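Understanding the architecture of this molecule
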Amino acid sequence: MTGRNADINKSPLVIDVDTGIDDAVALALAVGKGANILGVTTVAGNVPIEVATRNTLDVLSYLGRDDIPVHRGASRPLVAEYQDATHVHGGNGLGGVDLAKSGADEAALAGPAFIIQSAAKHAGDLTLVTLGPLTNLAIALNVRPEITYQIRRVVVMGGAFSLPGNVTPHSEFNVYVDPEAARQVFEADWGDITLVGLDVTHQTVLSRELWERIPEMNDGPAGLVRGLMARTFTERAMSGFYLHDPLAVGVALDLDLVQGTFCSVAVESSASATRGETTVAAADRGPRVATRVHAAAFVAEFGAVLGLPIADAASGFENAE
Ligand code: RIB
Ligand code: CA
């Protein structure tokens, strides 16, 4: 993914999304990289489940991949009251971008059932990357605990381990929305699970300077990225766009992109004053919490894959979103 290892992970991949803006950009990256995408499952997070599912169908159709099945998942967290992020992603979840409606319908099988089915069918080989609250994975884990050894690799975009959260000072959004699901996932005995938290995603930022250089008329993936990010850079006047979900996809395709340490991870429940806070302790097994990332190389290659004008990768912005 970063030139150091040109071969991407071609194992079968399931992507779990709450399609909002950066989920859509992450899907564009996965498609652009030629990932072996079995299907996409949707979960309530940034936007309600029906919006996340609609957006996912339309983004995949825009990318010419309406062959990839979309499986609707959980409409609300396990315990907590559902809370969206439409103030960030806009009412339609895509920053106001109005995509043509896909001709494809959502698949009949529900999201958690598709994760279970894919784990069994591709036992020992499946990679699952989650880009939203962990509700679907927790449900699948509850119903078929054996997925912990069937799924070869789990990559989670979630958590704030050594820096403040983005939805409260304590909590990152995906964990905050469904802390009970996150706790169940983080405590399960996976063979290989990597947590891509704000600690590293705050280093992978698409600069406003680079965004402004994307041609207006480009109707390919670059045009999609430009349209999706317009709200962040204009209405919200941010100076950078955090590539949260795209980085998690990058890690799923190239585990060497980040370095980390094995930890036990405690999650504050939805009833706690610090709901969704993640606290780590050193461990000799358990989730690998990403602490370092080849940020400049990732952003540069992200730009290359999506056909953005290549610029020096920028990182360390103060008020990105
Ligand atoms: O905290 C960032 C995460 O929350 C991203 O996955 C974003 O899409 C939102 O779901
Ligand atoms: Ca997301």
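Heads up: these notes are all about the structure in this document. In this text the structure is predicted, and so the values were computed from the model without any measurement. (Residues numbered from 1 in each chain as written. Chains lettered and ligands numbered in written order. Predicted model: local features only at pLDDT ≥ 70, side-chain atom pairs only at ≥ 80, totals over all residues. Heavy atoms only, no water.)

Focus on the sheet that holds strand β1 (residues 13–17)
Strand order in this open sheet of nine strands is β3-β2-β1-β4-β5-β6-β11-β9-β10, and the pairing throughout is mixed. Bordering the open sheet on either side are β3 (70–72) and β10 (278–282), each of which pairs with just one other strand. Pairs of neighbouring strands in the sheet enclose a mean axial angle of 30°, with direction left out of account. Across two bridges, the pairing between strand β6 (residues 193–196) and strand β11 (residues 288–293) is parallel. The residue bridging Thr194 from the neighbouring strand is Arg288, located in β11. (Pairing = 2+ DSSP bridges. Helix = DSSP H or I, 4+ residues; strand = E, 2+ residues; numbered from the N terminus. Axes fitted to C-alpha atoms, helices over the stretch in contact; angles between N-to-C directions.)

Quick word on the pattern of salt bridges
Within this structure, the stated rule accounts for 12 salt bridges. A salt bridge links Glu146 to Arg144, with the nearest nitrogen and oxygen atoms 3.9 Å apart. Classification of Arg144 by relative accessible area gives partly exposed; the value is 38%. What you see here is one network of salt bridges that share partners, running through Arg54, Asp58 and Lys101. (Salt bridge = Lys/Arg side-chain N within 4 Å of Asp/Glu carboxyl O. Buried < 20%, exposed > 50% of the residue type's maximum accessible area, 1.4 Å probe, protein only.)

Describing the site of ligand 1
Every residue lining ligand 1 is accounted for by Asp18, Asp22, Asp23, Asn46, Leu131, Met157, Asn166, Glu172, Phe173, Asn174, His244 and Asp245. Asp18 is positioned such that a nitrogen or oxygen atom in its side chain is 2.9 Å from an oxygen atom of ligand 1. Within the side chain of Asn174, an N or O atom sits 2.9 Å from an oxygen atom of ligand 1. Across the complex, the protein chains shield 96% of the 270 Å² of accessible surface that ligand 1 would expose by itself. Elements with a contribution of two residues or more to the shell around ligand 1: α1 (21–32), α7 (173–177) and α12 (244–253). Of the residues that constitute the shell around ligand 1, the class distribution is three nonpolar, four polar and five charged. (Near = heavy atom within 4 Å. Polar contact = N/O pair within 3.5 Å; in protein donor to acceptor, adjacent residues only side chain to side chain. Areas by Shrake-Rupley, 256 points an atom, 1.4 Å probe, with all protein chains shown as cover. Nonpolar A, V, L, I, M, F, W, Y, C, P; charged D, E, K, R; others polar.)

Comments concerning the nonpolar core
Judged by nonpolar contacts, the single largest core of 63 residues is most densely connected at Ile15, Ile37, Leu131, Leu206 and Met229. Counting residues per element, this core draws most heavily on α1, which supplies nine residues. Those residues in contact with Met229 that sit more than four places away from it in its chain are Val25, Leu206, Trp211, Phe241 and Leu243. Formed by 30 residues, the second largest nonpolar core is a distinct cluster that contains Ala119, Ala188, Ile193 and Leu195. (Core = buried A, V, L, I, M, F, W, Y, C linked by side-chain atoms within 4.5 Å. Contact = heavy atoms within 4.5 Å.)

Here we look at the layout of surface pockets
Taken as a whole, the second largest pocket holds about 220 Å³ of empty space. Those elements that place two or more of their residues in the lining of the second largest pocket are α8 (179–187), β6 and β9 (258–267). In terms of residue class, the lining of the second largest pocket is built from eight nonpolar, four polar and five charged. (1 Å grid on protein atoms, 1.4 Å probe; cavity = no way out; pocket = protein on both sides within 12 Å on 5 of 7 lines; lining within 4 Å. Points joined across faces, edges and corners; volume = space filled by probe spheres on them.)

Topic: the coordination of the calcium ion (ligand 2)
Donor atoms from the polypeptide that bind the calcium ion (ligand 2) are Asp18 (OD), Asp23 (OD), Asp23 (OD), Leu131 (O) and Asp245 (OD), placed at 2.2 to 2.6 Å. Positions of the donor residues of the calcium ion (ligand 2) along the chain correspond to the pattern D-x4-D-x107-L-x113-D. Here Asp18 is found in the loop between β1 and α1, whereas its partner Asp245 is found in helix α12, with 227 residues between them in sequence. With a relative accessible area of 2%, Asp245 lands in the buried category. (Donors = N, O, S within 2.8 Å, 3.2 Å for Na, K, Ca; no water.)

Considering the environment of Ser269
Position of Ser269 relative to the elements: it lies in the loop between β9 and β10. Sequence separation between Ser269 and Leu13 is 256 residues, and the spatial gap between their C-alpha atoms is 30 Å. Contacts of Ser269, omitting those with residues within four sequence positions, involve Pro179, Glu180, Arg183, Arg275 and Gly276.

With respect to the packing of α1 against α12
In a packed pair of helices, the relevant descriptors are the angle between the two axes and the axis-to-axis distance. Taken N-terminus to C-terminus, the directions of α1 and α12 make an angle of 30°; their axes are 7 Å apart at the nearest point. In this view, α1 runs roughly parallel relative to α12, as classed from their interaxial angle. In the packing of α1 onto α12, the handedness of the crossing is right-handed. The residues of α12 that touch α1, namely those facing Asp22, Asp23, Val25, Ala26, Leu29 and Ala30, are His244, Asp245, Pro246, Val249 and Gly250. Grouping the amino acids of the contact of α1 with α12 by side-chain chemistry returns six nonpolar, two polar and three charged. (Parallel < 35°, antiparallel > 145°, perpendicular 65-115°, else oblique. Left-handed = near helix turned anticlockwise from the far one by under 90°.)

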